[in-house]
Amino acid sequence: MPDPIDELENFSIPGPPMNPMPAAEVRRRGDRIRRRNNALATVGGIAAVAVIATPFAVFAGGQSSPDDVDPAPAPQWSTTVPDSFDIAALPEGSTYSFEVVDGSTVDDVTLCGAPAFSTASNDPAGPATDTVGATWTELESSGTADRTLAVYADGATAQTALDGFRQAVLDCGQDRTGGVSTVNDVVDRAVPGAEDSFVYTNQVKNGALLFDMTAYEVARVGNALYVANSHTSAGGDQAMDTVDLLIEHSAPVLDQMCVFSIEGCDPARPDASEGVDEPTGLTGAIPDSFPLEKGLPTDPQGGVGLEGPSHDLDLAVYNLENNLRACGVAATGLPKAIDTLNAGFRSPAAAVLRQLRTFDSVDEAQAYAEGVMAPFASCTEDPEGGVTKIYEVTPEEAGDHAASAMMRVEVDGEPGVGYQLVQVVRVGQAVLQTLVVNDGEQLDQTPEDLRRMYLENSQTVIDEMN
Amino acid sequence: MDEREFDDFYAASFQRVTGQVYAMIGNRDEAQECVQEAFARAWAHRRKLDKAEYPEAWVRTTAYRIAVSRWRRTTRGRRPADRAVSAPIQAAPPSEAHVALVAALKQLPEAQRQALVLHHIADLPVHDVAREMGVPEGTIKARLSRGRAALAALLADEEGLSHA
C-alpha cells in the first residue's frame, strides 16, 4: 500500500514550469479592482443601503394636511431615528458584524445617468429628515454590504421615494453609462414585514457573463425607508442566493421598523384579545438553570466537551449559518424569539448544539419549527463535484410538533463519511432545536436509529418544556 | 506593502500557493488563474494586507474561495470570461501516481482535503491549519487522521485496480 504521507509531501505540479502573469500586470489588475470598488462605492453600486423613513405615528394633535379631504386627524410622524434603533442588527449566530456610521452609507444611486435614490436634496422625492447607516467589508472576498435607514417627513413621501427608486430600476434594464455595461433586474421577492418593498440586482455584463453582482433590498414601513445592499464578485445564478441572504440578514432590522408604522409596535392582536393563544408550557424568559444539557454526551474525547447552558454561548464554532442551509438556501422570515438558551457539546469528530427558544405565541413557535425545516424539505439532493449531500425530512412523535432533517453524504454513489441532523420539537410556545454535525465518522447506524437516539437523548429536556 | 515588496512576495509565493490550490481543486489551469486573481485582490487591498499576519495564507484562502465560486458558476452553465479568452496551458501528461493522488484527494470530503493539503503540502503545523480553517486543533487532528486513512485506502484501491 502506498504511504499517503510520502505521496502528499512529494506532491508537485505536473507539466512544464508555469508562466505566471508578470507582477506588474497583477498590480495593474489590482489597481483596476480598487478603482472599480471605489467608483461603485461612490455611486452606491457596491454599498448596501438601508434607508428607513422614521415615522413614529402618534395620533395626538390632530394636525391635518391642507390637502386632506378626510377631516380625520392625520398622524404625526417622527422625523428622527430613535437612539435605540439597531441598524446593525443581524440574525442570531451571524459570523460578521456591521459598523454603524452616522448618515447614509450610500449617498445616492444613479441609474442610466439619472438619480434614482438619495437621502440628500437631489432625491426625486426630496431629502430625508434623518438617516443612519452601517457598513461591512470582507477583505478576503471583496464582499461588501451597507445599510441605510432614511426617515421622511411622512409616509407618503417615503412611498414616493420607494416608487421613484423602483421605477428608475424598471426604466434602466441596461446601463451603459460610465464605460461599464451593467444590467438591473427586479427579482420576485417580497421583504417580510414591509408595507411595500422591492428587490433588484445590479450586475456587470461582459458578453454572456454576469459578475460583480450587487443585490438591493428596498423596504418601506410607515415613513421610513430601509435600503440595503450586498456585493459579491460573482454573478449570474448566484444572484438568488445573495438576494435571499440579504433579506434574511435584514430581518432583525425590519422587525424594528414597526416604530415607524401608523400602528406602532404594539397593535392589538386579534388572537390575543380573543384569548385563543393561551400560554402553555415554557414561556417568556428562560432561566440559566434550565437543564438544557441533560442527555448530551459528557466525554469530551479530547475536545471541548460540554458547553452551557448559557445565553451567551459562542455559536460561531457551530457554523449555524452554513449548517442550517440546504442547496445554498437558508430559512427566511423566521419569527423572532423572546429568549434563547444554548447548550453544546464538541468532540474532535462531532458537535451537538441545542437551542431552546420561546416565542410570543404558539403560532410563532410553530412557524419557527416549520421554517427551520423548510430548506431541507425543498432540497433532496445537493451535489458538489463527486460528493452529494442527501437530505430527508421526517415527522417525529414528540411534543406538540417535531421533525428531523437528516443529511448523509455519498461520494460517487457510495456512502461517505459524516452526517448532519437537525431536529425541532415544539412544546407550546417553546421550540427545542438540535443540530448534530459529524464530519469524521462513517455512518454505521441507520438514519432512523440516529434520529431516534438523539430524540431520546433530548427527552428529559422535552419533559421540562411542558 | 510597496511595489517592490509586492513583487517579491508574488515571486516567492506564486508557485507554492498555486501548487497548494491545485492540490485542493485538482485543476492546474484553474488554480493558476485563481491565484493570480487573488494576488491582484491582494494588491488592491494592500493597505489592509499590511496588517495581515500571514499574507500568503490570505492569498491562499482567497484563491480557494475564488475557485469554489468559479466552480459553482461553471456548473450552473456560465463560463467565466477570462477562461473563455485565455488559451489553456498545454501541460505534459502527469504520471499515473500523480493522477491517482489527485483523484483520491478529490474524493475526500472538502474539510479533510483542505486539512491534508495545508498540513502536508503547505507544511503548516496543526495550530496554523486550525487558525486558517477556523476550527479547533482537535478537529484538525481528527480530519488529518481520517483523511490519511481514507487517502491510503483510496490509493490502495487504485493500485489494486491498476494491477488487476
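What counts, and at which threshold
Residues numbered from 1 in each chain as written. Chains lettered and ligands numbered in written order. Predicted model: local features only at pLDDT ≥ 70, side-chain atom pairs only at ≥ 80, totals over all residues. Helix = DSSP H or I, 4+ residues; strand = E, 2+ residues; numbered from the N terminus. Buried ≥ 20, exposed ≤ 12 C-beta atoms within 10 Å, placed from the backbone. Contact = placed C-beta atoms within 7 Å. Pairing = 2+ DSSP bridges. Core = buried A, V, L, I, M, F, W, Y, C linked by C-beta atoms within 7 Å. Domains from an automatic or database assignment. Axes fitted to C-alpha atoms, helices over the stretch in contact; angles between N-to-C directions. Parallel < 35°, antiparallel > 145°, perpendicular 65-115°, else oblique. Left-handed = near helix turned anticlockwise from the far one by under 90°. Nonpolar A, V, L, I, M, F, W, Y, C, P; charged D, E, K, R; others polar. pLDDT = per-residue confidence, 0-100.

Asker: Can you lay out the overall build of chain A for me, pointing to particular residues and giving the numbers?
Answerer: Helix and strand counts for chain A come out as nine helices and 18 strands. Within chain A, the fraction of its 466 residues that count as buried is 45%. Counting only contacts in chain A whose residues sit at least 6 apart along the sequence, the fraction spanning at least 24 positions is 67%.

Asker: Describe in detail the overall build of chain B, supporting the description with residues and values.
Answerer: Looking only at helices and strands, chain B features nine helices and zero strands. Of the regular secondary structure in chain B, the N- to C-terminal order runs α-α-α-α-α-α-α-α-α. In chain B, buried positions account for 46% of the 164 residues.

Asker: For the pairing of strand S8 (residues 196-206) of chain A, give the residues involved together with the corresponding values.
Answerer: All names here are of chain A. The buried fraction of S8 amounts to eight of the 11 residues, a majority that puts the element mostly inside the structure. With six bridges joining them, strand S7 (residues 182-187) and S8 adopt antiparallel strand pairing. Across the sheet, residue Asn184 finds its bridge partner in S8, namely Asn202. Sheet topology note: the S8/strand S9 (residues 209-221) ladder contains 10 bridges and is antiparallel. Bridge assignment links Lys205 to a residue of S9, and that residue is Leu210.

Asker: Provide a residue-level description of the nonpolar core, including the pertinent values.
Answerer: Counting 101 residues, the largest nonpolar core has A:Val199, A:Val218, A:Ala224, A:Leu225, A:Tyr226, A:Met257 and A:Val424 as the members making the most contacts within it. Inspection of this core shows a minimum of three residues originating in each of domain 1 (4-27 + 280-465) and domain 2 (99-260) of chain A. Grouped together as the second largest cluster of nonpolar side chains are 47 residues, B:Met24, B:Ala44, B:Ala104 and B:Leu155 included.

Asker: Quick one: what's the story with unusual backbone geometry, residue by residue and with numbers?
Answerer: All names here are of chain A. Look at the link from Gly308 to Pro309: it is a cis peptide, with omega at 5°. Checked against the element boundaries, Pro309 lands in strand S11 (residues 305-310). One non-glycine residue, Asn319, lies in the positive phi region at around 50°. Among the secondary structure elements, Asn319 is positioned in the loop between S11 and helix H6 (320-323). We note that Cys327 has phi near 55°; this positive angle belongs to a residue other than glycine.

Asker: Account for the packing of helix H7 (residues 110-121) of chain B against helix H8 (residues 126-133) of chain B, naming residues and giving values.
Answerer: All names here are of chain B. Packing of H7 against H8 leaves a shortest axis separation of 9 Å and a crossing angle of 135°. As the angle between them shows, H7 and H8 are arranged oblique. By crossing handedness, the relation of H7 to H8 is classed as right-handed. Within the contact between the two elements, H7 uses Gln114, Ala115, Leu118 and His119 and H8 uses Val126, Val129, Glu132 and Met133. In the contact of H7 with H8, the residues fall into five nonpolar, two polar and one charged.

Asker: Residue-level account of the packing of helix H1 (residues 3-25) of chain B against helix H2 (residues 28-44) of chain B, with values.
Answerer: Residues and elements named next belong to chain B. Running from amino to carboxyl end, H1 crosses H2 at an angle of 140°, the nearest separation of the two axes being 8 Å. By the angle class used here, H1 and H2 are oblique. Crossing of H1 against H2: the hand is right-handed. Together, Phe6, Tyr10, Phe14, Val17, Thr18, Val21, Tyr22 and Ile25 of H1 and Arg28, Glu30, Ala31, Gln32, Cys34, Val35, Phe39 and Trp43 of H2 make up the contact between the two elements.

Asker: Could you give an account of the environment of A:Gln301, with specific residues and numbers?
Answerer: All names here are of chain A. Here Gln301 shows up in the loop between helix H5 (270-273) and S11. Between the C-alpha atoms of Gln301 and Ala349, which are 48 residues apart in sequence, the distance is 8.9 Å. Setting aside chain neighbours within four positions, we find Gln301 in contact with Ser347 and Pro348.

Asker: Can you lay out the confidence of the model for chain A for me, pointing to particular residues and giving the numbers?
Answerer: Residue and element names in this part refer to chain A. Here chain A averages 77 in pLDDT, while 80% of its residues score no lower than 70. Low pLDDT (under 50) marks residues 39-74, which in the prediction has 119 contacts with non-local residues, meaning those over four places away or in another chain. Taken as a whole, residues 267-279 scores under 50 in pLDDT and shows 10 contacts with residues more than four places along the chain or in a different chain.

Asker: Quick one: what's the story with the confidence of the model for chain B, residue by residue and with numbers?
Answerer: Residue and element names in this part refer to chain B. Overall, the prediction assigns chain B a mean pLDDT of 75, with 76% of residues at 70 or greater. When mean pLDDT is compared element by element in chain B, H1 scores highest at 89, while helix H5 (residues 81-85) scores lowest at 31. Below pLDDT 50 for its whole length, residues 73-92 participates in 27 contacts with residues either more than four positions away or in separate chains. For this predicted complex, the interface confidence comes out at an ipTM of 0.74, alongside a pTM of 0.37.

Asker: Could you give an account of the environment of A:Leu432, with specific residues and numbers?
Answerer: All names here are of chain A. Inspection of the secondary structure puts Leu432 in strand S18 (residues 430-442). Along the backbone, Leu432 and Gly399 are 33 residues apart, and their C-alpha atoms lie at a distance of 9.8 Å. When sequence neighbours within four positions are dropped, the list of residues in contact with Leu432 reads Arg354, Leu356, Val425, Ser458, Val461, Ile462 and Met465.

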